[in-house]
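Architecture at a glance
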Amino acid sequence: SERLQMVILVLLLVLAASSQLQAQSTCVITDFGAKGDNSTLNTASIQRAIDECHKRSPLGSKVVVPAGVFLTGSVNLTSNMQLVVQGTLFGSNNESHYPVVPSLPGGTTMWAALVAGYNVANVTLTGGGTIDGNGWLWWCRAAPNSFPLGKPSWCNAFPRCNDSLPHMRPKLVEFFNSSKLHVEGITIKNSPNWNVHPIYSTDIVFFNVTVLSPRAVGNTDGIDPSSCSNVLIDSCFIDVGDDGISIKSQNATWNTALQVPSRNITIRRTTILSRNFCFGSATYGGISDVLMEDCRIGDDQGSCPWAIKFKSHRYFPGAIENCTFRRITMGKLMPNPWQQPKAPGTAFDLTLVYGDKPPKHRAGVPFVRNITFEDITVQSAAVAGLIQGLPESKMVGLTFRNITVGGKARWDCQNVASYTSQDVHPPLKCSS
């Protein structure tokens, strides 16, 4: 398709930009005083290496994290740089090691991400190593948001496990208002909050990235492009405690100038072992032109309670349109004991009533149109699809083609103005 060709072109351009960053200056963080002993705080040494390398070679620098475990607080990336993580960047759990910044997109305050790229361009993260957010204490302090079924007893091992959090927890890797970003061949895990969060950014590639967090811990999303365009997520592996991939478009401040859409996004050859793929729950600026193909969601042991979700709200604006999901294999969808013991197991959970709350700020009406699902196999599910438009905004142009859902699955499809169903098992019937 033209969209896929365009995204591939973006990938080639980003790769070309990366190759042009053949670093005129290479800085190894141990040369700046960093120690990989997992006890020395290395924030200043790492930041000094980043800044000095950029100063020496502003058009192309390489900062190397060698073998070892390097304890650190938040560090800021610069433009035109490669961060080559060969060892481990290990996040401090002391909030004083993270500056407080305005939250993204707005409305409160947060601690800056462990690896932060704000207003940067031409940045590559690679090296085969690990960025570990060390989220355990953060999760305990954020309960019950992080532990929907209750705080585990092991939290008591931390002296400050019951202290409240005055700011939003830091994310692990975050890019804001940035472009030409390439993340490849690294493991990102145990974020205090979302693991990877590009927002208001363009021309982004995630290739062969592994994202991990315990399945029992909420708010640990895998990769969340928010108000981003021209994004490729290719050959990644995600196993986390919340949305594996969540595409959002933000406007938390109710300022129409911030209603930036997400569009031209391709996900392919990627496995989401836990928990699901979704749009939302923020869809204020709209989500369009998304292609997901040749992917797997879940396994045959029941790692996912649902597979594809639309989490939009009836009292927020934002279109979800012109999206295709094809050649997808889904595993056994069922309840789990770690977070969703009452989830029935749903393949397609497509609703405009997420949260089911009365309007607080009705800024518009959401709508869904021109969405295609084809060549999809589900091992088993109790609910083939829960599809709910609104009386005032019925879904339009849904296509289900060559879909097989195993088990005793059923469909619940309402407020859909037009749809096509071909070779769907069990049969799909929607009401308007």
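Everything below is about the structure printed above this text.
Attention in this report is confined to the structure presented alongside it. Within each chain, residue numbers correspond to sequence positions counted from 1 in written order. The predicted origin of the model limits local features to residues at a pLDDT of at least 70 and limits the giving and counting of side-chain atom pairs to 80 or more, whereas totals for whole chains, interfaces and linings rest on all residues. Note that water and hydrogens are dropped before the side-chain values are worked out from all heavy atoms of the structure.

1. Points about the state of the cysteines
The definition used for a disulfide is geometric: two cysteine sulfur atoms within 2.5 Å. Summed over the entire model, instances satisfying the criterion amount to three disulfides. Linked covalently through their sulfurs, Cys27 and Cys53 form a disulfide whose S-S length is 2.4 Å. Taking the sign of the S-S torsion, about 100° here, the bridge from Cys27 to Cys53 comes out right-handed. One end of the pair, Cys27, is in strand β1 (residues 25-28); the other, Cys53, is in helix α2 (residues 43-56), with 26 residues separating them in the sequence. Given the relative accessible area of 0%, Cys53 is considered buried. Only DSSP runs of H or I covering at least 4 residues are called helices, and only runs of E covering at least 2 are called strands; the numbering of each starts at the N terminus. Relative accessibility decides the category of a residue: with a 1.4 Å probe and only protein chains considered, values under 20% of the type maximum give buried, values over 50% give exposed, and everything between is partly exposed.

2. Observations concerning the pattern of salt bridges
Every case where a carboxyl oxygen of Asp or Glu lies within 4 Å of a side-chain nitrogen of Lys or Arg is listed as a salt bridge. This structure, assessed with the given rule, holds 15 salt bridges. With its nearest N and O atoms 2.8 Å apart, the salt bridge here joins Arg269 to Asp234. One end of the pair, Arg269, is in the loop between β22 (262-268) and β23 (271-274); the other, Asp234, is in strand β19 (residues 229-234), and 35 residues separate them in sequence. Judged by its relative accessible area of 47%, Arg269 falls in the partly exposed class. The class for Asp234 is buried, based on a relative accessible area of 1%. Each of Asp242, Asp243, Arg275 and Lys311 takes part in salt bridges that share partners, so that together they form one network.

3. Topic: the packing of aromatic side chains
Only centres within 6.5 Å qualify two rings of Phe, Tyr or Trp (six-membered ring in Trp) as a pair; their planes then separate them into stacked at under 30 degrees, edge-to-face at over 60, and tilted for everything else. Applying the stated criterion across every chain, the model contains 17 aromatic pairs. Ring centres of Phe348 and Phe373 lie 5.1 Å apart, and the angle between their planes is 65°; on these two criteria the pair is classed as edge-to-face. With Phe348 in strand β28 (residues 346-351) and Phe373 in strand β29 (residues 366-380), this residue pair connects regions lying 25 residues apart in the sequence. Of the two residues examined, Phe348 and Phe373, each falls in the buried class.

4. Re the pairing of strand β32 (residues 410-414)
Residues of β32 alternate between two faces, with Trp411 and Cys413 buried on one and Arg410, Asp412 and Gln414 left unburied on the opposite face. Think of it this way: DSSP has to see at least two bridges between two strands before they count as a pair. Sheet topology note: the strand β30 (residues 383-388)/β32 ladder contains five bridges and is parallel. In the sheet register, Gln388 faces β32, and the bridge partner there is Gln414.

5. What to know about the sheet that holds strand β10 (residues 115-118)
Across the sheet, four strands lie side by side as β5-β10-β13-β16; this open sheet has parallel pairing. Looking at strand neighbours, the two that pair on one side only are β5 (75-76) and β16 (196-199), the edges of this open sheet. Summarising the sheet, strand β13 (residues 173-176) and β16 pair through four bridges and their orientation is parallel. Looking at β16, one finds that Val173 is bridged to Val196.

6. Comments concerning the pairing of β28
Extensive coverage of β28 is indicated by the burial of six of its six residues. Two elements, strand β26 (residues 306-311) and β28, share five bridges in a ladder whose sense is parallel. By the bridge assignment, Trp306 is partnered in β28 with Thr346. Summarising the sheet, β28 and β30 pair through five bridges and their orientation is parallel. Across the sheet, residue Thr346 finds its bridge partner in β30, namely Val383.

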